[in-house]
Amino acid sequence: MNIVVLTGAGISAESGIPVFRGADGLWEGHRVEDVATPEGFARDPQRVHEFYNRRRAKLLEVEPNAAHRALGRLALGWRRGQVTVVTQNIDDLHERGGSPEVIHMHGELLKARCTHCGVVTACREDLSRASICASCGGIDCLRPHVVWFGEIPFHLGRIERELDRADLFVAIGTSGRVYPAAGFVSAARAAGARTLEINLEPGGTSPDFMEHRSGAAGTLVPEWVEELLAHGGA
């Protein structure tokens, strides 16, 4: 049984990572258009760098929670097929929680990409307009390796292939309102997969799921994983 797990901001919120945006439409006090679009970066790259520098520093202070660690156990312990973790999050908490391979469809906060040569490198320090690309030597050419509004998410072809062969699709802590991820449950069902939503409250695509578990991911995900491993683990 092949399992595809999609995770959203809700799974990392329990580790102290702020959710995407508040009810006022602001993202940590900023207009999304100013800090999460190519146009915003073109207008004021230093402001965007400072915004992501703060997020990067915050990420380095937090730890994976029980839900991240449970998915790591599932990925390593499942013997009846393959477990694929797809995340909308740009943190590295799945990796630190033990998942050996994670598909980051919206990029990774702890990486930088050169706008000149395209090389992606690890980045745990602050970026600025004075940062130099280690590959081509360019200055004022590095940007966070994240997908902004108006840009195409990464790895969509691979995700589509995984959904096509999934027997079980599980969405954890995602609003179900951001596409293309919001369409994954329909694609999985069309391929014949069972579907499960684990969320604090129903998301935008809740009617498309066959099963629902409501509550905190840190509690429900370990319970679900233990159930699975009891029947198909090592």
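These figures come from a predicted structure and were not determined experimentally.

Parameters at a glance
Residues numbered from 1 in each chain as written. Predicted model: local features only at pLDDT ≥ 70, side-chain atom pairs only at ≥ 80, totals over all residues. Heavy atoms only, no water. Helix = DSSP H or I, 4+ residues; strand = E, 2+ residues; numbered from the N terminus. Buried < 20%, exposed > 50% of the residue type's maximum accessible area, 1.4 Å probe, protein only. Contact = heavy atoms within 4.5 Å. Polar contact = N/O pair within 3.5 Å; in protein donor to acceptor, adjacent residues only side chain to side chain. Core = buried A, V, L, I, M, F, W, Y, C linked by side-chain atoms within 4.5 Å. Expected span 1.5 Å × (residues − 1). UniProt positions renumbered as here; feature names shortened; annotations may be inferred. Phe/Tyr/Trp six-rings, centres within 6.5 Å; stacked < 30°, edge-to-face > 60°. Lys NZ or Arg CZ within 6 Å of the ring centre and 35° of its normal.

**Observations concerning the environment of Asp34**
Its place among the elements puts Asp34 in helix H2 (residues 32-35). Looking at Asp34, the relative accessible area reads 11%, which means it is buried. Considering only alpha carbons, one finds Asp34 and Gly157, 123 residues apart in sequence, at a separation of 29 Å. If we ignore the near neighbours within four places in the chain, the residues touching Asp34 are Gly40, Arg43, Arg47 and Val48. Polar side-chain contacts of Asp34 include one of 3.2 Å to the side chain of Arg43.

**Brief notes about the nonpolar core**
A general tendency of soluble globular proteins is for nonpolar side chains to be buried together. Core analysis: the biggest nonpolar cluster contains 23 residues, and Leu71, Leu74, Ile172, Val221 and Trp224 have the highest contact counts within it. For this core, the secondary-structure elements that each account for two or more residues are strand E1 (3-7), helix H5 (66-77), strand E4 (83-87), strand E9 (168-172), strand E10 (194-199) and helix H9 (217-232). Residue contributions to this core peak at 7 residues, all from H9.

**Quick word on H5**
In this model, H5 (12 residues) spans 16 Å end to end at C-alpha, consistent with the 16 Å of a helix rising 1.5 Å per residue. Of all the positions in H5, only Ala67, His68, Ala70, Leu71, Gly72, Leu74 and Gly77 are classed as buried. Measuring from the backbone nitrogen of Ala67 back to the side-chain oxygen at the start of H5 gives 2.8 Å, which picks out Asn65 as the cap.

**Let's talk about the UniProt feature "active site" (unreviewed entry) in the protein**
Under the local residue numbering, the UniProt record ascribes the feature "active site" (unreviewed entry) to His106. Inspection of the secondary structure assignment puts His106 in the loop between strand E5 (102-104) and strand E6 (107-114). Excluding its chain neighbours within four sequence positions, the residues that come into contact with His106 are Thr87, Gln88, Ile90, His145, Val146, Val147, Pro153 and Phe154.

**Brief notes about the packing of aromatic side chains**
Overall, the coordinates contain 4 aromatic pairs when judged by the stated rule. On the numbers, 5.3 Å between centres and 45° between planes, the contact of Phe41 with Trp148 is tilted. In this pair, Phe41 is assigned in helix H3 (residues 38-43) and Trp148 in the loop between strand E8 (142-146) and helix H7 (156-164), connecting sequence segments 107 residues apart. You can call Phe41 buried: its relative accessible area is 16%. Judged by its relative accessible area of 3%, Trp148 is buried. Ring centres of Phe169 and Phe209 lie 6.2 Å apart, and the angle between their planes is 20°; this geometry places the pair in the stacked category. Of the two residues, Phe169 sits in strand E9 while Phe209 sits in the loop between E10 and strand E11 (211-214), which places them 40 residues apart along the sequence. A single burial state applies to Phe169 and to Phe209, both of which are buried. Within the aromatic cluster, the residues linked to one another by ring pairs are Phe41, Phe51, Tyr52 and Trp148. Its end group placed over the ring of Trp148, Arg143 keeps NZ or CZ at 3.8 Å from the ring centre.

**Digging into unusual backbone geometry**
Geometrically, the link from Tyr179 to Pro180 is a cis peptide bond, its omega value of 10° lying close to zero. You can see Pro180 is positioned in the loop between E9 and helix H8 (184-190). A positive phi is found at Asp140, a non-glycine position, where the angle reads about 60°. With respect to the secondary-structure elements, Asp140 resides in the loop between strand E7 (120-122) and E8. Residue Asp140 is classed as partly exposed on the basis of its relative accessible area, which comes to 35%. Even without a glycine there, the phi angle at His155 is positive, about 65°.

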